[in-house]
Amino acid sequence: MTVNHDDRSTKPQSTPPAAGELGVDTGGTFTDVIAREHGRLAVYKIASTPDAPEAAVIDGVRHFAGDAAADWRIVHGSTVATNAVLENKLARTAYIANTGFADVLTIGRQARRELYALEPAPNPVPVEPGLCFEIDARRDAKGQSLVALDEDMCDALVDKLREAGVEAVAINLLFAFLNGDDEAAIETALRAALPDLAIARGSRVLPEYGEYERGIATWLNAALGPTVGGYLRRLEKALERVAIMHGAAGTVGVDQAADNAVNLLLSGPAGGLLGARFVARAAGLERVLTLDMGGTSSDVALVADELALTSKTRIAGYPVAVPMVDMHTIGAGGGSIAWLDAGGLLQVGPASAGAEPGPACYGKGGEQPTVTDAHVVLGRLPASTQLGGHMGLDVDAARRAVSRIAEPLDLSVEAAAAGILRIADEAMTGALRVISVARGEPVADDSLLCFGGAGPLHACALADGMGMKRVLIPVFAGVLSALGMLVARRSRERSLSILQPLADIDGNEIDSWLAPLREATRDELVAEGVAEADIEERLSADLRYAGQSASLNLAWRAPDELMRAFHEAHEARYGHRFDLSVELVNLRLHRAGPVPDVELPDIEAGEGAPETARTVAVHECGDAVPLYERESLRAGQHFEGPAIVREQVTTTWIAPGWSAEVDTKGNLLLRRD
């Protein structure tokens, strides 16, 4: 097997200790900032600035750091890459392939989304045919040259790209994951002739088997480069000591992030899962099922000791095979619109009212009924609530909106609102099942951790739907992704395609194959301030039965032990095992620096039930449901549902039959009676 690896590395740089740390998460509506200084945590929210995302980030940082931002360590989760893909705001990009393979990205895989559709919708065309260029050089399945690349080929390619007027170039040649010399030579020629181009090549972006998935990742990396790179450079110029969260839940420096823009997809949600794991551990929980519910969508994941990664993520319909946190997303959020289909049946989502005009209860002119409006109608979101600390609720507008559903169904407004919530809850319960029990992971003895602006309102119903008896509503629930930024480790993910029977693998070969990856990642981490002695490593393997296309990822161990573990894992996931040869597809290397020294502070202790701020009317629960302000709760206090716990950035509904206890960190632990 031929393996050429040429990851760039930089020399170590020494930096003085930081004055404090800041975690910054940019969302569509708000930018959340958590500051840690002298062991204390403080939160700040500022309106996001979509036209110039760095403006809100810089303002949020300066709220705490003033003019001394350069003295603070800043970790930022960005939505710039994800939004650019979802909104199709990508650079004009050329695609370079071997002769006969220019259409690979358009053809894709033979699998169809709608198996029995007679007229299926065509797949999106990533790169228009006029921007797909072929080159006659060719390597075989062992990485050896069949047709050598020469200078004339490169010169002709330069002329075509200059005439096409592209901003970026993606280079994806056959078997470059085994030998990337031709791709590297093309890149060198292009950089010399066209220095302003953003260039990505598959042998760096995703050196793995599968030319279609590798091509999509390389194209996205190139197409995102100008937007993401420009944003990060502006941010670095203003803040200097900034690290960027990548989709595999670690951080990288700005230089690495700008060169690997595709790895920033799911940057913010990755921070949320890190925050969830952090607070779960503080609460003494080993494994949790998580729900992050915002205004438009909900993200669910199963979080254990280490965050699970996947290379099977799809964004805007495209497979993104670079490692990212393993989560499932559905279009169900607080702003999801309720509507009646052609048969008169009630549906919820995926369309959303967004931030403008938002749910009708926002009082901004919205008229469509949403999930948030249903909570207002039922009283679970009290009329006196100030969303984000400043936005009041228009109860009458919420009732008018829900009545648009209630009247055709001949229901009361309250019954229609309850129906909206039941449908939304079932959609989210289905998503939770996909990420857990559908994969052979029973969760009845685990805890459900709900966060985000809308998640805690649905926690009890979702736990009931999953047969779970414990729920954790974490401290900082509304800004948990920003908290996750503070506890993120500097890390790198690398992969290496092997494509050999596992039985033929000599364990001693592994170290020699991985040596170039280990050297490159060591240099990168040391350059970002990680001491070489502090670097930790985790190795895993993608395995499959011979003849299969899908694989399972398992922690690396001796080959004979790994083979037994794969048979067991395959049976647990799919219900059966085969008497077939097991193939090692890829090795995956994770290297990371130490865990940041961050702890949640203890809150003041108290006794008995907390003091009730007021009582409110909740549908089917009476007129005297207690309403508690979360900042007034004390460690050790206990109370029964029905009850509402309100805070500036989220509200928790504790249903009848559930009780709540406040732990020493301020987390709410809910239990089914």
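Residues numbered from 1 in each chain as written. Predicted model: local features only at pLDDT ≥ 70, side-chain atom pairs only at ≥ 80, totals over all residues. Heavy atoms only, no water.

(A) Expanded view of the packing of aromatic side chains. The final tally for this structure, using the stated rule, is six aromatic pairs. Consider the rings of Trp 219 and Tyr 318, whose centres lie 5.1 Å apart with planes at 70°: the pair is edge-to-face. A residue pair is termed long-range when its members are at least 10 positions apart, and Trp 219 in helix α7 (residues 211-239) and Tyr 318 in strand β17 (residues 318-320) qualify at 99 residues. Overall, Tyr 318 belongs to the buried group, its relative accessible area being 10%. A ring pair is formed by Tyr 628 and Phe 639, whose centres lie 4.5 Å apart and whose planes are at 50°; its orientation type is tilted. Linking Tyr 628 in strand β29 (residues 622-629) with Phe 639 in strand β30 (residues 638-640), this pair joins segments that are eleven residues apart in sequence. Of the residues examined, Tyr 628 reaches a relative accessible area of 6% and is grouped as buried. (Phe/Tyr/Trp six-rings, centres within 6.5 Å; stacked < 30°, edge-to-face > 60°. Helix = DSSP H or I, 4+ residues; strand = E, 2+ residues; numbered from the N terminus. Buried < 20%, exposed > 50% of the residue type's maximum accessible area, 1.4 Å probe, protein only.)

(B) Here's a closer look at the pattern of salt bridges. The tally for this structure, following the rule as stated, stands at 40 salt bridges. The residue Glu 367 makes a salt bridge to Arg 404 at a minimum N-O spacing of 3.8 Å. In this pair, Glu 367 is assigned in the loop between β21 (346-352) and α10 (371-378) and Arg 404 in helix α11 (residues 395-409), connecting sequence segments 37 residues apart. Within this structure, Arg 490, Arg 492, Arg 494, Glu 524 and Glu 528 form a network of salt bridges that share partners. (Salt bridge = Lys/Arg side-chain N within 4 Å of Asp/Glu carboxyl O.)

(C) Expanded view of the pairing of strand β3 (residues 40-47). Sheet topology note: the strand β2 (residues 30-37)/β3 ladder contains eight bridges and is antiparallel. Residue pairing for β3: Asp 32 is matched across the bridge by Lys 45. The loop that links β2 with its antiparallel partner β3 comprises two residues; one of these, His 38, has a positive phi angle of about 55°. (Pairing = 2+ DSSP bridges.)

(D) Structural view of empty space enclosed by the protein. Summed over the entire model, instances satisfying the criterion amount to four cavities of 30 Å³ or more. In this structure, the largest cavity spans a volume of roughly 360 Å³. What lines the largest cavity is a set of 24 residues, and nearest its centre among them are Val 205, Asn 260, Asn 263, Glu 493 and Arg 494. Mapped by element, the contributors of at least two residues to the lining of the largest cavity are α6 (202-205), α8 (254-259) and β24 (491-501). Here the residues of the lining of the largest cavity are counted per class, giving nine nonpolar, seven polar and eight charged. (1 Å grid on protein atoms, 1.4 Å probe; cavity = no way out; pocket = protein on both sides within 12 Å on 5 of 7 lines; lining within 4 Å. Points joined across faces, edges and corners; volume = space filled by probe spheres on them. Nonpolar A, V, L, I, M, F, W, Y, C, P; charged D, E, K, R; others polar.)

(E) Focus on unusual backbone geometry. That bond from Gly 349 to Pro 350 is cis: its omega, 0°, falls within 30 degrees of zero. On the secondary structure map, Pro 350 appears in strand β21. Positive phi values are uncommon outside glycine, yet Ala 249 reaches one of about 70°. With respect to the secondary-structure elements, Ala 249 resides in the loop between β11 (242-245) and β12 (251-253). With a phi close to 55°, Leu 499 is a non-glycine residue in the positive phi region. Residue position: Leu 499 is located in strand β24.

(F) Representation of the pairing of strand β32 (residues 651-654) within the structure. The two faces of β32 match: Thr 651 and Trp 653 on one face and Thr 652 and Ile 654 on the other face are all buried. In this sheet, β32 lies alongside strand β31 (residues 643-646) in antiparallel orientation, the contact comprising four bridges. Paired with Arg 646 across the bridge in β32 is Thr 651. Where β31 folds back on β32, the antiparallel hairpin that results is connected by four residues.

(G) Region of interest: the sheet that holds strand β22 (residues 447-451). Taken in spatial order, the eight strands make up an open sheet running β19-β14-β13-β22-β23-β34-β33-β30, and their pairing is mixed. The open sheet is flanked by β19 (328-330) and β30, the only strands paired with a single partner. Going across the sheet, the axis of each strand differs from the next one's by a mean of 20°, ignoring polarity. Here strand β33 (residues 658-662) pairs with strand β34 (residues 668-672) via five bridges, running antiparallel. By the bridge assignment for β34, Ser 659 is matched with Arg 671. Contacts between helix α9 (residues 267-282) and the sheet are confined to β13 (288-293), β14 (298-303), β22 and β23 (470-473), with β22 contributing the most and set at about 130° to the helix. Sitting on the sheet, helix α13 (residues 455-466) is in contact with β13, β22, β23, β33 and β34, with an inclination near 155° to β22. (Axes fitted to C-alpha atoms, helices over the stretch in contact; angles between N-to-C directions. Contact = heavy atoms within 4.5 Å.)

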